[in-house]
Amino acid sequence: MTYHPFVGGAEVALKEITDRIPKEDIEFHMITLRLDSTLPKVEQIGNVLVHRIGFGKVNPTSKDLKQFPLHVNKLYYQFAAFFVAWRLHKKYTYDFVWSMMAHSAGVPGGLFKTCHRDVPFLITLQEGDSVEHIKKVMLPLYPLFTRAFKKADRMQTISTHLARWGVAMGFNGKPVVIPNGVTVKAFSKEYPRRELEMLKQKLEKKINSVFLITTSRLVRKNGIDMVIKSLAHLPEHVSFLILGGGPEETALKKLAREEGVMSRVRFLGEVPQKEIPQYLKISDVFIRPSRSEGMGNSFVEAMAAGLPIVGTHVGGITDFLYDPLKNPDVKPTGLAVTVDSPEEIAKAVLRYSSDVLLRREVVDNAFALVKARYDWKIIVPAIRDKFFKITPSLDSGAVKK
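The rules behind the values
- Residues numbered from 1 in each chain as written.
- Predicted model: local features only at pLDDT ≥ 70, side-chain atom pairs only at ≥ 80, totals over all residues.
- Heavy atoms only, no water.
- pLDDT = per-residue confidence, 0-100.
- Contact = heavy atoms within 4.5 Å.
- Pairing = 2+ DSSP bridges.
- Helix = DSSP H or I, 4+ residues; strand = E, 2+ residues; numbered from the N terminus.
- Axes fitted to C-alpha atoms, helices over the stretch in contact; angles between N-to-C directions.
- Parallel < 35°, antiparallel > 145°, perpendicular 65-115°, else oblique.
- Left-handed = near helix turned anticlockwise from the far one by under 90°.
- Core = buried A, V, L, I, M, F, W, Y, C linked by side-chain atoms within 4.5 Å.
- Buried < 20%, exposed > 50% of the residue type's maximum accessible area, 1.4 Å probe, protein only.
- Arc of directions from axis to C-beta.
- Salt bridge = Lys/Arg side-chain N within 4 Å of Asp/Glu carboxyl O.
- Patch = residues over 30% accessible without salt bridge, like charges linked within 9 Å, V, L, I, M, F, W, Y side chains within 5 Å.
- Areas by Shrake-Rupley, 256 points an atom, 1.4 Å probe, with all protein chains shown as cover.
- Phe/Tyr/Trp six-rings, centres within 6.5 Å; stacked < 30°, edge-to-face > 60°.

Asks: Just to check I follow, could you spell out the confidence of the model for the protein for this structure?
Replies: Low pLDDT marks regions whose predicted coordinates should not be analysed in detail. Per-residue pLDDT for the protein averages 93, and the proportion of residues at 70 or more is 97%. Taken together, the stretch residues 392-401 has pLDDT below 50 and engages in 21 contacts with residues farther than four places along the chain or on a different chain.

Pasting the structure below:
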């Protein structure tokens, strides 16, 4: 429902995918919300012609997006996007319709497929919220929501967890599991020592300081509150860097004050994607104790940057986080903790500090895994060939574009 300059995991994935597929191969049009009223209604961004709909506000904050009237856009979009797609189809004659995330692009995609049976309908599941939460939110439109799964000709998911969910919701086929990727070259880049030292000075990192870091939207599902609580169980020289914004920011700052650790928590706000690797490079442990997760692309970015990770074994995280105790038959790539357990988080951080060999093994194994499976150079060709490749077998009679 959003696109650049609003950036999250799905938006980054869309930009990487569409930028790496030549316009001569596939031309993309996108119907998304115009939450910021200063943005043009129609704009070319890379290989995507963006059509913005709905009502917005000048430079809205994350808080604005949760409040009336902008919050109404979510319901408006699910029907308006369908009618706008119908109108644009008359002009452009699309070869397929693609819903990025069932919530909430699935409803307009399913409606479009119902009225245009000859156009193949593709759907990607990128959801990070729990299944229970998604079902609760979509309850008023549940019959139309499930239609998206039942009408889809082809489904791609970013994790095996989401693949199982897609089938449970009614998809009549075998989902193609292709994860989100990372630009390994960008995140593994070695920066000049002077640049990193300047960033350390800016963040007041001393020789014995330990920086925990997360790059996350500040929402409950990401468990940032548990990391803040874990600081009470860790030495004073351990601090926590938070890159990202979101509706939970005020509550998290209040929690940090109540826990007496506000001086050890840095709320750095939204950081440009191209600058994130530098923050990872000057940090010591990446951590996100998610309560639910579709995949967790930030983990993969940290793994590419050479940071040991701490996470929970929920959702799609289990596809790449192999704990030495929980996954004894696989080379370890990180440490897994129980959901809502500040004590276990602290123990994991201290274990990395005391066990240098484990830390080195985890970092090396994680980087090798990311390089072999998660580089966008591998991911995008797979999406193009296994997901976008349109053939008459989709019962549409459509010709491959």
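Asks: What's the story with the sheet that holds strand β2 (residues 42-45) in this structure? I'm lost.
Replies: Through backbone hydrogen bonds, the strands of a sheet pair up, either in parallel or in antiparallel fashion. Pairing is mixed in the open sheet, where three strands are placed in the order β1-β3-β2. Lying at the two open borders of the sheet, with one neighbouring strand each, are β1 (28-33) and β2. This sheet shows a mean twist of 30° between the axes of neighbouring strands, independent of strand direction. Examined bridge by bridge, β1 and strand β3 (residues 48-53) share six bridges and lie parallel to one another. Paired with H29 across the strands is L49, a residue of β3.

Asks: Could you clarify how one ought to interpret the packing of helix α13 (residues 297-304) against helix α15 (residues 356-373) in this entry?
Replies: Two packed helices can be described by the angle between their axes and the distance between those axes. Running from N to C, α13 and α15 cross one another at 115°; their axes reach a closest spacing of 8 Å. For the element pair α13 / α15, the angle class is roughly perpendicular. The two elements α13 and α15 meet at a crossing, and its hand is left-handed. Counted together, V300, M303 and A304 of α13 and A366, F367, L369 and V370 of α15 form the full contact between these two elements.

Asks: Sorry, what's going on with the nonpolar core here?
Replies: Within soluble globular proteins, side chains that are nonpolar tend to cluster in buried spots. Of all hydrophobic cores here, the largest spans 74 residues; its most connected members are W165, L280 and F320. Looking at this core element by element, the count peaks at seven residues for helix α3 (residues 73-92). Residues V227, L255, F267 and V337 belong to the second largest nonpolar core, which totals 30 residues.

Asks: Explain helix α11 (residues 249-258) to me, please; I cannot follow it from the model alone.
Replies: Since the α-helix packs 3.6 residues into each turn, any two residues three or four apart lie on the same face. Within the span of α11, buried status applies to L252, L255 and A256. Projection of α11 onto a plane perpendicular to its axis shows the buried side chains occupying an angular sector of 100°, all on one side. The exposed residues of α11 that point more than 90 degrees off its buried face are T250, R257 and E258. On its buried face, α11 is in contact with α10 (224-230) and β10 (265-269). Two residues or fewer past α11, G260 is found with a positive phi of approximately 75°.

Asks: Would you mind going over helix α6 (residues 142-151) with me for this structure?
Replies: By the burial criterion, the buried members of α6 are L144, F145, T146, A148 and F149. On its buried face, α6 is in contact with α3, α4 (102-115), β5 (121-125), α5 (131-137), β6 (154-157) and α7 (160-168).

Asks: Explain the pattern of salt bridges to me, please; I cannot follow it from the model alone.
Replies: Side-chain pairs of opposite charge can arise where the charged atoms are in close proximity. Counted under the stated rule, the structure contains 16 salt bridges. Among the salt bridges present, the one from R291 reaches D225, with a minimum N-O distance of 2.9 Å. Here D225 lies in helix α10 and R291 lies in the loop between β11 (285-288) and α13, a separation of 66 residues in the sequence. We note a salt bridge from R264 to E236, for which the minimum N-O separation is 3.9 Å. Placement of R264 in the loop between α11 and β10 and of E236 in the loop between α10 and β9 (238-243) is noted, with a sequence separation of 28 residues between them. The exposure class of R264 is buried, given its relative accessible area of 6%.

Asks: What should I look at first to understand the environment of L335 in this one?
Replies: Along the chain, the position of L335 falls in strand β13 (residues 335-337). Separated by 24 residues in sequence, L335 and R359 place their C-alpha atoms 9.8 Å apart.

Asks: Any chance you could explain the sheet that holds β6 here in plain terms?
Replies: Spatial ordering of the open sheet is given by β4-β5-β6-β7, a layout of four strands whose pairing is parallel. Each end of this open sheet is capped by a strand with a single partner; those strands are β4 (97-100) and β7 (176-177). Across four bridges, β4 lies against β5 in parallel orientation. Residue pairing in the sheet places V97 in a bridge with F121 of β5. Taken strand by strand, α4 contacts β4 and β5, and its axis lies near 170° from that of β5.

Asks: Explain a nonpolar patch on the surface to me, please; I cannot follow it from the model alone.
Replies: Judged by side-chain polarity, F55, F68, V72 and Y76 come together as a nonpolar surface patch covering roughly 410 Å² of accessible area. For V72, a relative accessible area of 35% puts it in the partly exposed group.

Asks: How should the packing of aromatic side chains be read in this particular structure?
Replies: Within a pair of aromatic rings, the relevant descriptors are the distance that separates the centres and the angle that separates the planes. As enumerated under the stated definition, the model contains 17 aromatic pairs in all. Their ring planes at 50° and their centres at 4.9 Å tell us that F82 and F83 sit as a pair that is tilted. A relative accessible area of 7% places F82 in the buried class. Between F286 and F299 the ring centres are 5.3 Å apart and the planes differ by 75°, which places this aromatic pair in the edge-to-face class. Here F286, found in strand β11, pairs with F299, found in helix α13; they are 13 residues apart in sequence, far enough to count as distant. Each of the two residues, F286 as well as F299, counts as buried. Taken together, F28, F96, W98, F387 and F388 form an aromatic cluster joined through their ring pairs.

Asks: Teacher, can you tell me more about the environment of R193 here?
Replies: Tracing the sequence through the fold places R193 in helix α9 (residues 193-202). Each C-alpha atom of the pair R193 and K151 lies 54 Å from the other, and the pair is 42 residues apart in sequence.

Asks: Help me understand unusual backbone geometry, please; the structure alone is not making it clear to me.
Replies: Negative phi values dominate among residues other than glycine, just as trans dominates among peptide bonds. The omega angle of the peptide bond from H4 to P5 is 15°, so this bond is cis rather than trans. For the bond running from H103 to S104, omega is 15°, close enough to zero to count as cis. Locating S104 in the fold gives a position in helix α4. Its identity as a non-glycine residue notwithstanding, T93 has a phi of 50°, on the positive side.

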